[in-house]
Amino acid sequence: MIRKVTVFSLRPVRLKTNRFSSLPTSPTSEPASQFPPNSILKTMCINGQLNEALLEMAIQGEGVRFEGYDSLLNECVNRRALREGQRVHAHMIKTRYLPPVYLRTRLIVLYTKCDCLGDARHVLDEMHERNVVSWTAMISAYSQRGHTLEALGLFVQMLRSGTPPNEFTFATILTCCSGACGFDRGRQVHSLIIKSNFESHIFVGSSLLDMYAKADRIHEARSVFERLPERDVVSCTAIIAGYAQLGLDEEALELFCHLQREGMKSNYVTYASVLTALSGLAALDQGRQVHNRVLRSDLSSYVVLQNSLIDMYSKCGSLSYARKVFDGMPERTVISWNAMLVGYGKHGIGREVIELYELMRKDKQVKPDSVTFMAVLSGCSHGGLVTEGLNIFNEMITDQDGIEPEIEHYGCVVDLLGRAGEVEKALTFIEQMPFKPTAAIWGSLLGACRVHANVLVGEYVAHRLFEIEPHNAGNYVILSNLYASAGRWADVTYIRQLMTEKSVAKEPGRSWINLGQTIHTFHASDRSHPRREEIFEKVRELSAKIKEAGYVPDLSCVLHDVDEEQKEKILLGHSEKLALAFGLIGIPHGLPIRVVKNLRICVDCHNFAKFLSKAYRREVSLRDSNRFHHILGGICSCGDYW
DNA sequence: ATAGGGTTAG
């Protein structure tokens, strides 16, 4: 206690009367000029002489006061100098200095910025009095490192303690309410925000709209955005990214163009987000435009943006451009490698997947992660490299990289075994794996059974699948294909009845084709296109021409209870056929016809495209939900396995 | 002093 008096004796005379009554609580309570020794500390810190200042601190001992500590901690935070900061903290303890709330909060900030959350929390826990900044700094530290539950728990404590949150607290806590599971909490926070009159704050507002978008409530997100009294890059990017992340690519693109016309200035996050939308749309022309603008801006060195460009080019069918971007990067993250690997995989170029993977292993700057293995395994599967894929999975099992295989990796192995025709082995593998098989796993095996005409296993697998997804029409279609390939027509009929009983719904199939800047979208039997007559005429012409070459419509792809003539008509109305016909009309000879489909391509359309490529000597690039099909001269890069 | 949006897979 005597020491304390010594310290306080340095207080300004006018405060002497109440010098024991309270600790200093604000930086202004001790004018700098009154404390020459602390001014020296301050000057040293301002001049960046932290080591000298620490020496001076040791010399001054108990003489160090608020201003000195403030300067020291400030410099330590700026430099993220943990050891030095710890010495300052230790000095306070040694000299029995009782830091005011302000300095304790500085300590919390120091520790959180240096990744020492435990130490920061310890300081917070020892505080008898806390302010909104102490709470928020700690909450933000948890939230930024993904410790969502701790952040939320602390937020609740904060509310109970009676400290009202401010705009900083709200902006940070909303990021902990993202996703479907956090939505209820997010809505509660929203009502608190409204009560506190913060809804139109630009930081709170963008965090809020992001919360809604990530909970799949895009309309609520948009309405928050529209109510913002002002807009900036972040809020604009948040709403664009919101659309893009939900797969509402056209809306994302439209909004991006609209906001640009209104004067939005894009940064690298904005471009990365719009590139995601363009990847989804396979809009190569617009993607190139964005790339050009990036090159003309000062943003081209952002790795995140380069990664988006790799992904955009590869999903727009231009692997060589993707590789050019990749090769031109001065620094690459694991995501750069993964994006490139995924690209080769989706295009079915297994050899490049393996080559790039080996190159990656030689690069000491990056380590493969779980996505890398997904990319490599599925790349081997799509590229027909069965043995290589199985070897890599075995490497995972022996735990050379410390990456535990997840259910998706097991799914890739099912795919690999299925492709190799080892359908029974794949079934045993599923039964022995440490996960409960998902619909995706069974679906993959059912596909293998279809290709290898294994009715016995296929029936079993289909019924497991129907238990999980009784209303997914695609599964019934594949089983029907399988029965048809075995000539079991009675069972094809039975499947049709089964579907009627279970009132199976089909997710609407959609195909589109980009002509310059315009996206032409088709649904099944779509008559909305202005050139519909021409398109239908082309489909009929096409069908007649390839029938001469041996094309036989696969009626098992149609599960409606109608006669055969009707079935063929339905088949000819499939959206990918309309898009292909339109491409044949609109895209000059010599250029590939690039069609995109939102679902997996059906067996009949795949066959149709192969015949088309031969009869019309056209290169067809068809992207379905799973991979690319490069079709030339009647042969598809998928090897008829997809 | 403390705060918001983003890239690969499924």
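What you see is a predicted model; the values in this text were computed from it and never measured.

A. Layout of helix α22 (residues 370-382). Taking 1.5 Å per residue, 13 residues should reach 18 Å; α22 reaches 18 Å between its end C-alpha atoms and fits that length. Counting buried positions along α22 gives 10 out of 13 residues, so the element sits mostly inside the fold. Among all positions of α22, only S370, T372, F373, A375, V376, L377, G379, C380, S381 and H382 are buried. Where α22 is buried, its residues contact α20 (334-346), α21 (350-362), α23 (386-397) and α24 (407-419).

B. Region of the structure containing the environment of G586. You can see G586 is positioned in helix α32 (residues 575-586). Take G586: its relative accessible area is 30%, and that puts it in the partly exposed class.

C. Here's a closer look at the protein's contact with DNA strand B. Of all residues adjacent to DNA strand B, which total 48 residues, the nearest are S206, Y268, V304, N307 and N338. Close to the protein, within 4 Å, the atoms of DNA strand B are drawn from sugar and phosphate at a rate of 45%. With respect to DNA strand B, the side chain of T237 contributes an N or O atom lying 3.1 Å from a base nitrogen. At seven residues, the largest contribution of residues to the surface near DNA strand B is made by helix α14 (residues 233-245). Taken together, the residues of the surface near DNA strand B break down into 17 nonpolar, 21 polar and 10 charged.

D. How the structure looks around the nonpolar core. In terms of nonpolar packing, the biggest core is built from 161 residues, with L72 and L445 touching the most fellow members. If near-sequence neighbours (up to four positions away) are discounted, L72 is found in contact with L41, C45, L50, A53, L54, M57 and V88. In this structure, V539, Y616, L622 and C636 belong to the second largest nonpolar core, which totals 35 residues.

E. Spatial organisation of the environment of S444. Along the chain, the position of S444 falls in helix α26 (residues 439-451). Taking relative accessible area as the criterion, S444 reaches 11% and is therefore assigned buried. Ignoring anything within four residues of it in the chain, the contact list for S444 reads G411, V414 and D415.

F. Just the UniProt feature "repeat: PPR" (unreviewed entry) in chain A, in detail. Here, the residues flagged by UniProt with the feature "repeat: PPR" (unreviewed entry) are residues 131-165, 232-266 and 333-367. End C-alpha to end C-alpha, residues 232-266 measures 9 Å, and it is 74% helix and 0% strand.

G. Region of the structure containing the side chain of S511. Looking at the element boundaries, S511 is found in strand β1 (residues 510-515). Given the relative accessible area of 0%, S511 is considered buried. A distance of 2.8 Å separates polar atoms of two side chains, one belonging to S511 and the other to S575. When neighbours within four sequence positions are excluded, S511 is seen to be in contact with H520, T521, F522, S575, E576, A579, V595, V596 and K597.

H. Molecular detail of the sheet that holds strand β3 (residues 593-597). Spatially, six strands are ordered β2-β1-β3-β4-β5-β6 in an open sheet, and the strand pairing comes out mixed. The open sheet is flanked by β2 (518-523) and β6 (635-636), the only strands paired with a single partner. Two elements, strand β4 (residues 620-623) and strand β5 (residues 628-632), share four bridges in a ladder whose sense is antiparallel. The residue bridging S621 from the neighbouring strand is H630, located in β5. Strand contacts of α32: β1, β2, β3 and β4, with the helix running at about 15° to β1, the strand carrying the most contacts.

I. Examining a negative patch on the surface more closely. Judged by side-chain charge, D399, E404, E406 and E408 come together as a negatively charged surface patch. Looking at where E408 falls in the secondary structure, it is placed in helix α24. You can call E408 partly exposed: its relative accessible area is 40%.

J. The packing of aromatic side chains, seen in detail. Taken as a whole, this structure holds 18 aromatic pairs when the rule is applied. Taking the centre distance of 5.2 Å and the plane angle of 75° together, the rings of F393 and Y410 count as edge-to-face. Here the residue F393 occupies a position in helix α23, and Y410 occupies one in helix α24, the gap between them amounting to 17 residues. According to the relative accessible area criterion, F393 is buried, its value standing at 5%. Residue classification places Y410 among the buried residues on the basis of a relative accessible area of 9%. With a centroid separation of 5.5 Å and 65° between ring planes, the pair formed by Y410 and F435 is classed as edge-to-face.

Definitions and cut-offs
- Every residue gets a number counted from 1 within its own chain, in the order that chain's sequence is written.
- Going through the entries in the order they are written, you letter the chains from A and number the ligands from 1.
- The predicted origin of the model limits local features to residues at a pLDDT of at least 70 and limits the giving and counting of side-chain atom pairs to 80 or more, whereas totals for whole chains, interfaces and linings rest on all residues.
- Hydrogens and water are ignored here; the side-chain numbers use all heavy atoms of the structure.
- Put simply, DSSP marks the helices as runs of H or I at least four residues long and the strands as runs of E at least two long, and each gets a number from the N terminus on.
- In this scheme, a helix's expected span is set at 1.5 Å multiplied by one less than its residue total.
- Burial status follows relative accessibility: with a 1.4 Å probe on protein chains alone, a residue under 20% of its type maximum counts as buried, one over 50% as exposed, and anything between as partly exposed.
- Contact definition: two residues touch when any of their heavy atoms are within 4.5 Å.
- Any residue with a non-hydrogen atom lying within 4 Å of a molecule or strand is treated as near it.
- Pairs of N or O atoms are called polar contacts if they sit within 3.5 Å, as long as, within protein, a hydrogen donor faces a hydrogen acceptor (for residues adjacent in sequence, only side-chain-to-side-chain pairs).
- Throughout this entry, Asp, Glu, Lys and Arg are counted as charged residues, while Ala, Val, Leu, Ile, Met, Phe, Trp, Tyr, Cys and Pro are counted as nonpolar. The remaining residues, Gly among them, count as polar.
- Throughout, nonpolar core names a set of buried Ala, Val, Leu, Ile, Met, Phe, Trp, Tyr and Cys residues whose side chains join them through atoms within 4.5 Å.
- UniProt positions are given in the numbering used here, feature names are shortened, and annotations may be inferred rather than shown by experiment.
- DSSP bridges decide pairing: two strands pair if at least two such bridges lie between them.
- With axes taken as lines fitted to C-alpha atoms, and helix axes fitted only over the stretch in contact, angles between N-to-C directions fall between 0 and 180 degrees.
- In this analysis, a patch consists of residues with relative accessible area above 30% that form no salt bridge, clustered at 9 Å for like charges and at 5 Å for the nonpolar side chains Val, Leu, Ile, Met, Phe, Trp and Tyr.
- Surface accessibility follows the Shrake-Rupley procedure with a 1.4 Å probe radius. Residue values consider only the protein chains on display as shielding.
- By salt bridge we mean one thing: a side-chain nitrogen of Lys or Arg within 4 Å of a carboxyl oxygen of Asp or Glu.
- Think of it this way: Lys and Arg go in the positive column, Asp and Glu in the negative one, and His and the chain ends go nowhere.
- For the purpose of locating charges, the reference atoms are NZ of Lys, CZ of Arg, CG of Asp and CD of Glu.
- Paired rings are identified among Phe, Tyr and Trp, the last through its six-membered ring, by centres lying within 6.5 Å, and are further divided according to the angle between planes into stacked (under 30 degrees), edge-to-face (over 60) and tilted (the rest).

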